[in-house]
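A look at the structure
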Amino acid sequence: MNFRTMFEPKTMAVIGLSLQNERHPANIIYNKNFFRYPVKVYPVNPRGGIYHKEKVFTSVSEIPEMVDLAIIAVRSEYVPGILEECINSGVGGAAVISGGFAESGNAALQERMVKTAKEAYFPFIGPNCLGIYSSNQVDTFFLPSERMVRPEAGKVSIVSQSGGILVDQMVKFAQQGVGLSRAISIGNKAVVRELELLRFLARDKKTAVIAFYVEGFNKSEGREFALAAGRCPKPVIVMKAGKSPGGSRAVTSHTASIAGDYAVFSSVMSQFGIVEARDEFEMVSFCESLSCYPVGIEGRVGIITASGGHGAVAVDTCAGAGLQVPPVPAAVQNQIRKKLSDNIQPIASIGNPIDLTGSAKDNDFVVVASELSKWKEIDCLLVLLLPYIPEITSDVGARLSQVSQESEKPIVAYVPHVEKYRMIIEGFQLNNVPVSHSIEGAVLMVEAMRRCRPC
Amino acid sequence: MLIKEIQKILKDYRKTGWVFEPDAKRILGMADLEIPRFAWARRPEEALTFARSAGYPVVAKVISTEALHKSDVGGVIVGIKNEQELEGAFERLQKIKGCEGILVEETLAGVELIVGSKIDEQFGPVILLGVGGIAVEVYRDTVIRLAPLEERDVSSMIRGLTARRLLEGYRGTEPVNIELLTALLMKFSNLVRDLESHIESIDLNPVMCTSRRCVVADARIILKKHKKSVSASG
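Definitions and cut-offs
Residues numbered from 1 in each chain as written. Chains lettered and ligands numbered in written order. Predicted model: local features only at pLDDT ≥ 70, side-chain atom pairs only at ≥ 80, totals over all residues. Heavy atoms only, no water. Helix = DSSP H or I, 4+ residues; strand = E, 2+ residues; numbered from the N terminus. Buried < 20%, exposed > 50% of the residue type's maximum accessible area, 1.4 Å probe, protein only. Areas by Shrake-Rupley, 256 points an atom, 1.4 Å probe, with all protein chains shown as cover. Contact = heavy atoms within 4.5 Å. Buried area = accessible area lost by both parts, 1.4 Å probe. Salt bridge = Lys/Arg side-chain N within 4 Å of Asp/Glu carboxyl O. Polar contact = N/O pair within 3.5 Å; in protein donor to acceptor, adjacent residues only side chain to side chain. Phe/Tyr/Trp six-rings, centres within 6.5 Å; stacked < 30°, edge-to-face > 60°. Lys NZ or Arg CZ within 6 Å of the ring centre and 35° of its normal. Pairing = 2+ DSSP bridges. Axes fitted to C-alpha atoms, helices over the stretch in contact; angles between N-to-C directions. Parallel < 35°, antiparallel > 145°, perpendicular 65-115°, else oblique. Left-handed = near helix turned anticlockwise from the far one by under 90°. Nonpolar A, V, L, I, M, F, W, Y, C, P; charged D, E, K, R; others polar. Domains from an automatic or database assignment.

The helix and strand tally for chain A stands at 16 helices and 20 strands. When the backbone C-alpha atoms are referred to their principal axes, chain A occupies close to 85 × 65 × 30 Å. By the burial criterion, 60% of the 455 residues in chain A qualify as buried. Only carbon and sulfur atoms are counted for the fraction: they give 51% of the accessible area of chain A, which is about 18,100 Å².

Written out as structure tokens, the structure is:
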């Protein structure tokens, strides 16, 4: 099955558009794409007519061009017939927005669609889903444009069984400044499942990090997914819902009791270097970090700060996350100290954490980051930046980012996220350095890189 | 490929739903895992004959369709030092409901581990390694990996245990022979591959490990239920 045309359609049919009800999902989808996206949209309704001065086609087969993507938003009983029309008209793929299938006890109807689609190698997303959001390309979510929170275009793609969680993640991406490539709501995942999308996104040039929100896999599907994700050259992040055991099942062996659904899930994820996000906060932090640095590290951290307290908290948090903070040997310490501003040379403590004190200047952070990056015993830097100390300027984010680009050692920054420090934050983020608004979040970003490799 | 003898054992126990310990051990023995010397005694004399040749102390366990978890019904007696004690043990165990004989075997020592497998609905066969004994579910110090295992998986499994240091020899105790443990896990993983379509789960608990041996002291093989399978939800 070819997914490319579906995710980057040049032409799109919206089937089920209403001439009476402007709040109909099909109308919302039609309008947002008509006004905002570089895609030619055709309205379809069997009754025909004129909608907003455009001709309404009575069937997808009437459309004079090849249709790349069909959006199907009609009553469930009509969907199988429309799928066949799409197949016969050479449509590239479809997103079935309509509900009323397996999720509401109508499995037979869904099975019919699956059979039809598979025989024709016709990909469709859903049913019972929001469909596809590709930044700056297409948006099939039936949420009015003015209600949507759109993250900036970026490199992370998310696949979610739940549309609600997906839209929520987009809000969090926007808040946190994480760039989004594609967001795909797969609903009942009748034909296109996590596995198919993993394979597509692994080759997708617009995706660098692949994130999933998973509720459950079908029989043996988890194994195939884990093996494929383990071979995927891009970081794969998974958040799982349904961690608590459902109901009481008669358990006859210790192994069956301990190796419950979630224990197996979590173990297999780490076995294959798939980063499991335990909650939404981790999900966003991991996505931001791995989109900047799609690499695995061992997790030996150098910490640079201007406050002893921040350093101590960071060391504790690192220890709790299984990260090491190796002490800087005397020779390296001397090397670093020589390059500091005269006023802090005698007072800075350079053990690790490195505390440059409240008198530090931008340049002190830059030289320490640069020197520490050369030291082989660490593979990541954590910079706890306190923008309120007097000598720090708004240039510091961009300058520190340059150190990371040159040394190729990841830098993760902590900066309190308030509006007045935005230029520092953007100095980092726009130059590919992830920034968290909490020390815990920054440590999570480091942890993401450590977990992004088979254990 | 399963050899005929194993297939026959599995077939014999299909109704029971799980394999009696002596036959479970025979299966493991055929897969080249080390098992203790044992006898399935129907009469006291058979138990005594075995103990005479194996040497005391011995362990006696009930074999019963009603006793999947033997220790829960007082079905395990350890440290039997002489004939008199063995006769007494035999008599007591025989009274347990459904008793179909007594398993008598040599006494083993070492670090108690659990090695197990389960056929997971979403992920297929997985292998578990952990701290064994009756407190398995209290400490829950276990690691799980997708089967089949590779040797490097085994070393990462051992590293993943909190009790790793106990295996390496802690404060003067004898370390566990990691090569033997690795070999046992690899053989077990191969056996699970062959048994996959027949089983639901397996517990080898405990596996007794020293610097010289890794022996399966108890084994429980739960067979797959042969009812019409319910298809996974969408």
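Bringing the environment of Gly-131 of chain A into the picture now. Residue and element names in this part refer to chain A. Mapped onto the secondary structure, Gly-131 falls in strand E8 (residues 131-134). Measuring from C-alpha to C-alpha, the distance between Gly-131 and Phe-212 comes to 15 Å, with 81 residues separating the pair along the chain. Sequence-distant contacts of Gly-131, that is, excluding residues within four places in its chain, are made with Ala-95, Ile-97, Ile-125, Thr-140, Phe-141, Ala-183, Ile-184 and Ser-185.

For the peptide bond that leads from Gly-126 of chain A to Pro-127 of chain A, omega is 0°, which places it in the cis range. One can find Pro-127 of chain A in the loop between strand E7 (124-125) and E8. For the bond running from Ala-147 of chain B to Pro-148 of chain B, omega is -5°, close enough to zero to count as cis. In this structure, Pro-148 of chain B sits in the loop between strand E8 (142-146) and helix H6 (151-159). The backbone of Tyr-121 of chain A sits at a positive phi, close to 50°, despite the residue not being glycine. Structurally, Tyr-121 of chain A is set in the loop between helix H4 (107-119) and E7. The exposure class of Tyr-121 of chain A is exposed, given its relative accessible area of 64%. In the Ramachandran plot, Asn-128 of chain A falls in the positive-phi region, its phi being about 65° despite a non-glycine side chain. Structurally, Asn-128 of chain A can be placed in the loop between E7 and E8. Overall, Asn-128 of chain A belongs to the partly exposed group, its relative accessible area being 31%.

Another aspect to go through is the interface of chain B and chain A. Taken together, the contact pairs 35 residues of chain B with 30 residues of chain A. For the pair chain B and chain A, the summed buried surface comes to about 2,700 Å²; carbon and sulfur atoms form 55% of the total. Linking chain B with chain A are 0 salt bridges. At the junction of chain B and chain A, the tally comes to 15 residue pairs in polar contact (both at pLDDT 80 or more). Mapped by element, the contributors of at least two residues to the side of chain B that touches chain A are strand E6 (111-120), strand E7 (124-131), helix H5 (136-139), E8, H6, strand E9 (199-209) and strand E11 (219-223) of chain B.

We now examine the packing of aromatic side chains. This structure, assessed with the given rule, holds 17 aromatic pairs over all chains. Seen in terms of ring centroids, Tyr-30 of chain A and Tyr-51 of chain A are 5.5 Å apart; in terms of plane orientation they differ by 75°. Their pairing is edge-to-face. Highlighted residues: Tyr-30 of chain A in helix H2 (residues 25-36) and Tyr-51 of chain A in strand E3 (residues 50-51), separated in sequence by 21 residues. Residues Tyr-30 of chain A and Tyr-51 of chain A agree in their burial class; the two are buried. Summarising the aromatic geometry, the rings of Tyr-13 of chain B and Phe-20 of chain B are spaced 5.4 Å apart at their centres and angled 65° between planes, so their arrangement reads as edge-to-face. Like Phe-20 of chain B, Tyr-13 of chain B is buried. Ring pairs connect the aromatic residues Phe-212, Phe-217, Phe-225, Tyr-262 and Phe-265 of chain A together with Phe-123 of chain B, which therefore count as one cluster. Its end group placed over the ring of Phe-265 of chain A, Lys-240 of chain A keeps NZ or CZ at 5.6 Å from the ring centre. The residue whose ring lies beneath Arg-42 of chain B is Trp-40 of chain B, and the NZ or CZ to ring-centre distance is 4.2 Å.

Residues and elements named next belong to chain A. One open sheet accounts for 7 strands, arranged E9-E8-E11-E10-E12-E13-E14; its pairing is mixed. Each edge of the open sheet is held by one strand with a lone partner, namely strand E9 (138-139) and strand E14 (275-277). Across 5 bridges, strand E10 (residues 153-160) lies against strand E12 (residues 209-214) in parallel orientation. Across the sheet, the residue bridging to Val-159 is Phe-212, located in E12.

For the rest of this paragraph, the subject is the packing of helix H10 (residues 280-292) of chain A against helix H16 (residues 439-451) of chain A. Residues and elements named next belong to chain A. Interaxial distance between H10 and H16 falls to 8 Å at its minimum, and their mutual angle equals 65°. When the axes of H10 and H16 are compared, the pair comes out roughly perpendicular. Our pair here, H10 against H16, has a crossing hand that is right-handed. Contacts between H10 and H16 involve Phe-281, Glu-282, Ser-285, Phe-286, Glu-288, Ser-289 and Leu-290 from the first element and Gly-441, Leu-444, Met-445, Ala-448, Met-449 and Arg-451 from the second. Of the residues that constitute the contact of H10 with H16, the class distribution is 7 nonpolar, 3 polar and 3 charged.

Residues and elements named next belong to chain B. Assigned domains of chain B: these are domain 1 (4-21 + 23-32 + 109-223) and domain 2 (37-106). Taken together, the contact between domain 1 and domain 2 spans 14 residues of the former and 15 residues of the latter. Both sides of the domain 1 and domain 2 interface together cover about 1,100 Å² of buried area, and 58% of this is carbon and sulfur. Counting every contact that joins domain 1 to domain 2 gives 5 salt bridges. Notably, a salt bridge pairs Glu-21 with Lys-70, separated by 2.9 Å at the nearest N-O pair. In this assembly, domain 1 and domain 2 are joined by 8 residue pairs in polar contact (both at pLDDT 80 or more). Only helix H2 (21-30) and E11 provide two or more residues apiece to the side of domain 1 that touches domain 2. Per-element accounting of the side of domain 1 that touches domain 2 gives the leading share, 4 residues, to H2. A class-by-class count of the residues in the side of domain 1 that touches domain 2 yields 6 nonpolar, 1 polar and 7 charged.

A few words on the pattern of salt bridges. Per the stated rule, a full pass over the model turns up 46 salt bridges over all chains. We note a salt bridge from Glu-8 of chain A to Arg-4 of chain A, for which the minimum N-O separation is 3.6 Å. With its nearest N and O atoms 2.6 Å apart, the salt bridge here joins Lys-25 of chain B to Glu-105 of chain B. Of this pair, Lys-25 of chain B sits in helix H2 while Glu-105 of chain B sits in strand E5 (residues 99-106), and the two are 80 residues apart along the sequence.

Looking now at the environment of Ala-54 of chain B. Residues and elements named next belong to chain B. Structurally, the position occupied by Ala-54 is in helix H3 (residues 44-54). Among the residues examined, Ala-54 registers a relative accessible area of 17% and is labelled buried. Spatially, the C-alpha atom of Ala-54 lies 9.8 Å from that of Val-104, the residues being 50 residues apart in sequence.

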